[in-house]
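Each chain, letter by letter, is given below.
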Amino acid sequence: MQQDKRFGEREVQQLIPRFVGFSVAAVLFGLTSSASSAAGGGFTAAQAANGASTYSADCSQCHGAQLEGGAGPALSGASFGKSIQASYTTAGLLYDFVAKQMPANNPGSLTQQQYADVVAFVLQNNGFTPGATALTAQNAGAVNLAAAPVAAAPAPATVAAAPAPATTIAEAPAANEEIVRAAPPVQHVFGPLPNNADVSITDAMLAGAATDTGNWLMGGRTYANDRYSPLTQITSDNVASLVPVAVAQTGITASFEATPVVVNGVMYVSTPVVNSKMKVLALNAATGARIWETTYNLTPFKICCGPVNRGVAVAYGNVYFLTLDNHLVSLDAKDGAGHTLVYMLAHADRAAATASWAGFRSDPDWISLKATTEKNGALTTKTVSMFLTPTDFSPLK
Ligand code: HEC
């Protein structure tokens, strides 16, 4: 990468991990304490028991076997207690939300009885006690949840964990360890790039994106992020005659919010997260055929609002994407190989970058932290440092 003295420099640290992620295991397992106050939930014990099976089959893959959260939010503990108080002051409001929106990958797919039972199960795991009357879609509105015992949920009933794909998490986290090793990404190559396409987007190509009518080089198409296509072939007269020419199946069912990037006939797209996995795919933009697909395995994490991914950036022969467990990862644009964590640092100039990096390496706190986290083996195979020149559009200029 060239450097220009007039501009500040961004140093890109690329750590090539074996497979690693940082997690908050202690927090995940720290919220269950014994029930203090018991509140009536307007459901029966038999119902909650039936609800446990529905939960295990249809909810646990996103909300966790212990309701601790995963791709979906926790359904027990303090944060869900707050949700109950803010949003679900009656069992009817909780029932309506679940029956209309869940399971997120197939809303409305269960029977009324199953929804009522699974709501009973969730309530039981949040400190509500069963009684003589069964919860139904009709009577749920009269069941007051406002007295929810926040953060005092009983230890969740044991739920059979949904069958976890073998590669989800390589090792169960020990309760007192902060490092969780996720399985490494799985790469599949289905074929070569069409016409030996050159997919190494350069700074010059990005700067000229506005006049490039053959490619869509970044999410918003141009640095102005206008998302507008200047092409004129499709008009209000002929739009009715458009027909689908290809359907690309990703195997991931959740909401897609990513705008694909297209370079020389290759389309790059990222998927949302389901079952702690997301994919980055390269497709033949003309036929929809998959060229390669890399599945990234996430470490345990919590999110507020949906497992979406907002897309990739393609440049310098790499595909970059942000993950929900908070990593910036790059893969080889040709075949999806590699697994490189990217850190971007801003420095006044190259001398400042060198001094900062030297200081970081010799920092005793860092050295001791590194020794602790690597006590079960090295986390990375190599570290690469490169320099980028900020573009005219960069706030670093
Ligand atoms: C494919 C993943 C997925 C599955 C399966 C799923 N959920 Fe969800 N659930 C989510 C996501 C993501 C959200 C957050 C949605 C949002 O904020 O818009 C959510 C939100 C919720 C909430 C609201 C939580 C709050 O704090 O407000 C409840 C309750 C819930 N789900 C219950 C269930 C139940 C019960 C099932 C099984 C019948 C289920 N979910 C199945 C992903 C899933």
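Residues numbered from 1 in each chain as written. Predicted model: local features only at pLDDT ≥ 70, side-chain atom pairs only at ≥ 80, totals over all residues.

Caption draft 1: Seen up close, the overall build of the chain. In terms of regular secondary structure, the chain is built from 9 helices and 15 strands. Contacts in the chain between residues at least 24 apart in sequence constitute 71% of all its contacts with a sequence separation of at least 6. (Helix = DSSP H or I, 4+ residues; strand = E, 2+ residues; numbered from the N terminus. Contact = placed C-beta atoms within 7 Å.)

Caption draft 2: Broad picture of the pairing of strand 11 (residues 312-315). Sheet analysis places strand 11 next to strand 12 (residues 318-322), joined by 4 bridges and oriented antiparallel. The residue bridging A313 from the neighbouring strand is Y320, located in strand 12. Counted between consecutive antiparallel strands, the loop separating strand 11 from strand 12 contains 2 residues, among which Y316 sits at a positive phi close to 55°. (Pairing = 2+ DSSP bridges.)

Caption draft 3: Highlighting the site of the ligand. In the neighbourhood of the ligand, 25 residues make up the surrounding shell, with C59, C62, G72, S83 and P103 lying closest. For the shell around the ligand, the secondary structure elements donating two or more residues are helix 3 (60-63), helix 4 (77-87), helix 5 (91-101) and helix 6 (112-124). Looking at side-chain class alone, the shell around the ligand contains 17 nonpolar, 7 polar and 1 charged residues. Looking at the shell around the ligand, you find at least three residues from each of domain 1 (9-21 + 180-388) and domain 2 (25-163). (Near = placed C-beta within 6 Å. Nonpolar A, V, L, I, M, F, W, Y, C, P; charged D, E, K, R; others polar. Domains from an automatic or database assignment.)

Caption draft 4: Region of interest: the environment of C59. Structurally, C59 is set in the loop between helix 2 (45-58) and helix 3. Taking the C-beta count within 10 Å as the criterion, C59 has 25 such neighbours and is therefore assigned buried. (Buried ≥ 20, exposed ≤ 12 C-beta atoms within 10 Å, placed from the backbone.)

Caption draft 5: View of the packing of helix 2 against helix 6. Where helix 2 contacts helix 6, the axes come no closer than 7 Å and their chain directions differ by 100°. As summarised for this structure, helix 2 and helix 6 are arranged roughly perpendicular, according to the angle between their axes. Along the contact surface, helix 2 presents Q47, A48, N50, G51, A52, T54 and Y55, while helix 6 presents Q114, A116, D117, V118, A120, F121 and Q124. For the contact of helix 2 with helix 6, the per-class residue count stands at 7 nonpolar, 6 polar and 1 charged. (Axes fitted to C-alpha atoms, helices over the stretch in contact; angles between N-to-C directions. Parallel < 35°, antiparallel > 145°, perpendicular 65-115°, else oblique.)

Caption draft 6: Looking closely at the sheet that holds strand 6 (residues 186-189). In space, the 5 strands of this open sheet follow the order 6-10-9-8-7, with antiparallel pairing throughout. Strands at the two margins of the open sheet, each flanked by one partner only, are strand 6 and strand 7 (261-263). Taking each pair of neighbouring strands and ignoring which way they run, the sheet shows an average axis angle of 15°. In this structure, strand 8 (residues 266-270) lies alongside strand 9 (residues 277-284), joined through 5 bridges in antiparallel fashion. Note that in strand 9 the partner of Y268 across the bridge is A282.

Caption draft 7: How the structure looks around the nonpolar core. In terms of nonpolar packing, the biggest core is built from 68 residues, with A91, Y95, V119 and V314 touching the most fellow members. The greatest single-element share of this core, amounting to 8 residues, is contributed by helix 6. Two domains each donate at least three residues to this core, and these are domain 1 (9-21 + 180-388) and domain 2 (25-163). Not counting chain neighbours up to four residues away, the residues in contact with V119 comprise A91, L94, Y95, V98 and L135. (Core = buried A, V, L, I, M, F, W, Y, C linked by C-beta atoms within 7 Å.)

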